[in-house]
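Here is what each chain is made of, one letter per residue.
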Amino acid sequence: ETGVTQSPTHLIKTRGQQVTLRCSSQSGHNTVSWYQQALGQGPQFIFQYYREEENGRGNFPPRFSGLQFPNYSSELNVNALELDDSALYLCASSLEGGGNTIYFGEGSWLTVV
Amino acid sequence: GENVEQHPSTLSVQEGDSAVIKCTYSDSASNYFPWYKQELGKRPQLIIDIRSNVGEKKDQRIAVTLNKTAKHFSLHITETQPEDSAVYFCAARHDKIIFGKGTRLHILP
């Protein structure tokens, strides 16, 4: 196991609603990144947090936002849900720095109906 | 923007044969190249990684090679087994990690 835990594991939301996904990083890891993986696709980088600040963002609209807390856990918030937001959302933790291994959590399966 | 291209998208090999998956990356500052295996309904799991100061790394039946000049890296699986069937993703990291689109590997009996 990676020591990265995510909740909830599965959820169903209605279009237009808001969702919050949570992630606890591996002990000692100060960097958390979030990815969206649609069915049959590779993980797409949403954003990364280091020491409670966003320090990198992929091509996702502002309705995707996040937080990192002092204990390095993190939240991903998505507002005004769209059908295309249905995907597996993966959280990964690592030590800061490009050469460090990232470890994925089990993911949160979001279905928007 | 930063990009990682992965080929092939699907690969079928006879059990016992070798499989090779190739990736190219665009960001020359990338310095870390992990490979992940993802089984249906599960998270990606790291199987091997290589850093930019190394040209080749091997772990039992799995090996990865890196050519920084050409900006490409490859995964080699030898003596393939049925449990190797999965989707494999390459990735390249500088300040953020970018994934390829994946290769679905089928091991034929």
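Just above, that's the structure.
What counts and how
- Residues numbered from 1 in each chain as written.
- Chains lettered and ligands numbered in written order.
- Predicted model: local features only at pLDDT ≥ 70, side-chain atom pairs only at ≥ 80, totals over all residues.
- Heavy atoms only, no water.
- Contact = heavy atoms within 4.5 Å.
- Buried area = accessible area lost by both parts, 1.4 Å probe.
- Salt bridge = Lys/Arg side-chain N within 4 Å of Asp/Glu carboxyl O.
- Polar contact = N/O pair within 3.5 Å; in protein donor to acceptor, adjacent residues only side chain to side chain.
- Helix = DSSP H or I, 4+ residues; strand = E, 2+ residues; numbered from the N terminus.
- Nonpolar A, V, L, I, M, F, W, Y, C, P; charged D, E, K, R; others polar.
- Core = buried A, V, L, I, M, F, W, Y, C linked by side-chain atoms within 4.5 Å.
- Buried < 20%, exposed > 50% of the residue type's maximum accessible area, 1.4 Å probe, protein only.
- Phe/Tyr/Trp six-rings, centres within 6.5 Å; stacked < 30°, edge-to-face > 60°.

A.B. asks: Mind showing me how you'd approach the interface of chain A and chain B here?
C.D. replies: It is common to give the size of an interface as the accessible area that goes away when the parts come together. With 25 residues of chain A in contact, the opposing surface of chain B contributes 19 residues. Of the roughly 1800 Å² buried at the junction of chain A and chain B (both faces included), carbon and sulfur atoms supply 48%. The tally of links from chain A across to chain B stands at one salt bridge. Here E106 of chain A ties to R43 of chain B by a salt bridge, and the two come within 3.4 Å at their closest N and O atoms. Between chain A and chain B we count nine residue pairs in polar contact (both at pLDDT 80 or more) in total. Ranked by the residues each element gives to the side of chain A that touches chain B, the list is headed by strand 9 (residues 87–94) of chain A, at three residues. Looking at the side of chain A that touches chain B residue by residue, the classes come out as 10 nonpolar, 12 polar and three charged.

A.B. asks: Looking at this structure, I do not really get the nonpolar core. What am I missing?
C.D. replies: Across soluble globular proteins, you tend to see nonpolar side chains buried next to one another. W35, F73, L75, Y88 and L105 of chain B are the most contacted members of the largest nonpolar core, which totals 25 residues. Going through the elements one at a time, strand 2 (10–14), strand 3 (19–25), strand 4 (32–38), strand 5 (45–51), strand 7 (62–67), strand 8 (72–77), strand 9 (86–93) and strand 11 (103–108) of chain B are the ones with two or more residues in this core. Counting 20 residues, the second largest nonpolar core, distinct from the first, contains C23, W34, L76 and A87 of chain A.

A.B. asks: When you look at the packing of aromatic side chains in this model, what are you seeing that I'm missing?
C.D. replies: The relation between two aromatic rings is expressed through the spacing of the ring centres and the mutual angle of the planes. Applying the stated rule across the entire model yields 12 aromatic pairs over all chains. The interplanar angle of 65° and the centroid separation of 5.1 Å between the aromatic rings of F60 of chain A and F64 of chain A together place this pair among those described as edge-to-face. According to the relative accessible area criterion, F60 of chain A is buried, its value standing at 15%. Three or more aromatic residues link up through ring pairs in this structure, and these residues are Y35, F45 and F104 of chain A together with Y36 and F99 of chain B.

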